[in-house]
Amino acid sequence: MVRSVTPEPAGDGQSLGDLVALAAKDVSQLIRYEIDLAKTELMDDVERIGLAGALGVVAAFVACLVLVLLSIALAFGLVALGIWTWAAFLIVAGVYVLFAILVLGIAYLKLKRLSGLRKTRETVTEGLEMLRHENQDPDGQRPEITARKTG
């Protein structure tokens, strides 16, 4: 807890204004300390997120290397079954091409179903139309806006 560095007002003749000023000073100092604490915690979180991101990139790189090694192992496994070497590697490459086409097809279908904020546009348009109709006189003319005098 933050303590005031100002002397304690023990009724030694300080006015109400002085007491309010001391309280305001203490509150502003407390707010500054809270902001500094929040900044420190935020920087710690940013450092953790950066480290986690870097470790994620390293893990993705290692996963790609493993995928390449497993692909070579699959190709040589096909060679062991009696398939020509070039054909085995071509089969593995073809499987990856088919997989990529499948993934791209799924992504295309997901993107095709995007609504483009259709419902939001409809509700905003309806709201604007309601506002336009509310601001019109029965004869279809908009009323003139006059400034009020406050006195």
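This one's a predicted model, so the numbers in the text were calculated from it and none came from an experiment.

Engineer: Sorry if this is basic, but what is going on with the overall build of the protein here?
Structural biologist: Of regular secondary structure, the protein possesses three helices and zero strands. The secondary structure elements of the protein, listed N-terminal to C-terminal, are α-α-α. In the protein, which comprises 151 residues, the proportion classed as buried is 6%. Contacts in the protein between residues far apart in sequence, at least 24 positions, make up 12% of those at least 6 positions apart. When the accessible surface of the protein is summed, it comes to about 13600 Å², and 69% of that surface belongs to carbon and sulfur atoms.

Engineer: Help me out: how do you make sense of the environment of Ala 73 in this one?
Structural biologist: Mapped onto the fold, Ala 73 is located in helix H1 (residues 16-80). Note on Ala 73: relative accessible area 46%, which makes it partly exposed.

Engineer: I would appreciate a short explanation of a nonpolar patch on the surface in the present structure.
Structural biologist: Among the surface-exposed residues, Val 58, Phe 61, Val 62, Leu 65, Val 66 and Leu 70 lie close enough to one another that they form a single nonpolar patch of about 560 Å² accessible area. Position of Leu 70 relative to the elements: it lies in helix H1.

Engineer: What should I look at first to understand the packing of aromatic side chains in this one?
Structural biologist: The relation between two aromatic rings is expressed through the spacing of the ring centres and the mutual angle of the planes. The tally for this structure, following the rule as stated, stands at two aromatic pairs. Taken together, a centroid distance of 5.4 Å and an interplanar angle of 90 degrees make the contact between Phe 76 and Phe 89 edge-to-face. Of this pair, Phe 76 sits in helix H1 while Phe 89 sits in helix H2 (residues 85-112), and the two are 13 residues apart along the sequence. With a relative accessible area of 34%, Phe 89 lands in the partly exposed category. Ring centres 5.7 Å apart and planes at 20 degrees place the aromatic pair Trp 84 and Trp 86 in the stacked group. As far as the burial class goes, Trp 84 and Trp 86 line up, both exposed.

Engineer: Even after reading the chapter, I still don't get H2, so can you show me in this structure?
Structural biologist: In an α-helix, one turn spans 3.6 residues; hence positions three or four apart end up facing the same way. Relative to the 40 Å expected for 28 residues at 1.5 Å per residue, H2 spans 41 Å between its end C-alpha atoms, a close match to the ideal helical length. What H2 keeps buried is the set Ala 87, Ala 88 and Val 92. At its buried positions, H2 is contacted by H1.

Reading the values: rules and limits
Residues numbered from 1 in each chain as written. Predicted model: local features only at pLDDT ≥ 70, side-chain atom pairs only at ≥ 80, totals over all residues. Heavy atoms only, no water. Helix = DSSP H or I, 4+ residues; strand = E, 2+ residues; numbered from the N terminus. Buried < 20%, exposed > 50% of the residue type's maximum accessible area, 1.4 Å probe, protein only. Contact = heavy atoms within 4.5 Å. Areas by Shrake-Rupley, 256 points an atom, 1.4 Å probe, with all protein chains shown as cover. Patch = residues over 30% accessible without salt bridge, like charges linked within 9 Å, V, L, I, M, F, W, Y side chains within 5 Å. Salt bridge = Lys/Arg side-chain N within 4 Å of Asp/Glu carboxyl O. Phe/Tyr/Trp six-rings, centres within 6.5 Å; stacked < 30°, edge-to-face > 60°. Expected span 1.5 Å × (residues − 1).

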